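Architecture and fold: a report
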Amino acid sequence: MPRIDTHAHILPPEYRTELERRDLMAFPLPPWSAEALDGLMERHAIDAAVISLSPPGVYFGDQGLADDLARLVNERTAEHVRGAPERFAGLAFLPLPDVDRALAELRYALDELELEGVALLSNVGGTYLGDPSWNPLFDELDRRGAYVLLHPTAAAGPPPIPEHPIWLYEFPFDTTRALASLVYSGTLERCPNIRLQVSHLGGTATFLAHRLASLAAREPERATKAPAGALAYLSRLYYDTGLSNYELPARPTIELAGVERVVFGSDWPYADLPERGDPSPGLGGLGSEARERIDSLNAAALVPRLAERLLSRER
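Structural notes, computed from the coordinates. (Residues numbered from 1 in each chain as written. Predicted model: local features only at pLDDT ≥ 70, side-chain atom pairs only at ≥ 80, totals over all residues. Heavy atoms only, no water.)

Before going further, it helps to spend a moment on the sheet that holds strand E4 (residues 117-121). What the 8 strands build is an open sheet, ordered E1-E2-E3-E4-E7-E8-E9-E10; its pairing is parallel. One side of each edge strand has no neighbouring strand; the edge strands of this open sheet are strand E1 (4-9) and strand E10 (262-263). (Pairing = 2+ DSSP bridges. Helix = DSSP H or I, 4+ residues; strand = E, 2+ residues; numbered from the N terminus.)

Listed below in structure tokens is the structure:
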């Protein structure tokens, strides 16, 4: 079966140059090139990849700059996809926190550039995804039945232990904050048609799923907008294996949502992968049937056009 990487990144050179020029590099960005991405796919028998911008995203306190960076990144992403549409799908980045501008860019990216969906960071300037001010965006994503990748970023404010890089554990923690925000704001109840993929096997959310769900019993007045319960909402999401290609984190995710909700992700160029061959040997214990679903079959629900183009090529 072909292998589909649902979590790979694009870092356009012009984006990097603009961040460096403005001294906006909150943390180092790894080298990126189209040739290097092709090399990764060849070494690890990855037949197709879904690409999106990585943190720090496009918002640095200047809405005009966010608009410009989002447009730049989305057009470069679309160009990359057009160069090999049987191998790539692209996700748009939106210039949040301005919802009106995000909606305008969403229409441009999906309707004109024909990107496959959108990537949303766990928070933008300290505003989390379930914030009521973002309801119009999620309502439009729901109306479209859109494919959305939830990717973590740094929480607002300085990290509690500055000597530890923020990706070490703050990123997974912020994914969990974002999911709790989506659950208890009522966003996931109101927007059941969004096909939401969560990076890194959900951060810590699947391991903490029962603790997250306990709010309904312990403080029910805070859980009124999530009548189905946190476990129900979390179980209907998709989870990628980016930076989590091991059985230990995969098991609770599979127990919560089922193997049919897990998709392969490399998180390249941030990935810690073997030199070549199977990119996730740590999942070998799940068995061949589960691996086939994770590596290939499950992604068709998220990127049906790419899956069809890929299968047509294989035939």
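From this point, things continue past the structure.
The terminal C-alpha atoms of helix H6 (residues 170-184), which comprises 15 residues, lie 21 Å apart, in line with the 21 Å expected from a rise of 1.5 Å per residue. Every buried residue belonging to H6 is among Glu-170, Phe-171, Pro-172, Asp-174, Thr-175, Thr-176, Ala-178, Leu-179, Ser-181, Leu-182, Val-183 and Tyr-184, and all of these are buried. One or two positions beyond H6, positive phi appears at Gly-186, with a value near 90°. (Expected span 1.5 Å × (residues − 1). Buried < 20%, exposed > 50% of the residue type's maximum accessible area, 1.4 Å probe, protein only.)

So, about the side chain of Gln-63. Assignment of secondary structure puts Gln-63 in helix H3 (residues 63-83). We classify Gln-63 as buried; its relative accessible area is 16%. One polar contact links the side chain of Gln-63 to the main-chain amide nitrogen of Asp-98, over a distance of 3.5 Å. (Polar contact = N/O pair within 3.5 Å; in protein donor to acceptor, adjacent residues only side chain to side chain.)

The calculated volume of the largest pocket comes to roughly 620 Å³. What lines the largest pocket is a set of 29 residues, and nearest its centre among them are Trp-167, Leu-168, Pro-172, His-200 and Leu-243. When residues of the lining of the largest pocket are traced back to their parent elements, those giving at least two are H6 and helix H11 (247-257). Counting residues per element, the lining of the largest pocket draws most heavily on H11, which supplies 4 residues. (1 Å grid on protein atoms, 1.4 Å probe; cavity = no way out; pocket = protein on both sides within 12 Å on 5 of 7 lines; lining within 4 Å. Points joined across faces, edges and corners; volume = space filled by probe spheres on them.)

It is worth spelling out the nonpolar core at this point. Side chains of a nonpolar character, in soluble globular proteins, are inclined to be buried together. Among the nonpolar cores identified, the biggest contains 101 residues, and Tyr-15, Val-118, Leu-120, Phe-138, Leu-141, Leu-196 and Leu-234 are the most heavily contacted of them. Per-element tally for this core: the top contributor is H3, with 8 residues. Among all residues touching Leu-196, those that are not within four sequence positions of it are Val-148, Leu-150, Leu-182, Leu-188, Leu-237 and Tyr-238. (Core = buried A, V, L, I, M, F, W, Y, C linked by side-chain atoms within 4.5 Å. Contact = heavy atoms within 4.5 Å.)

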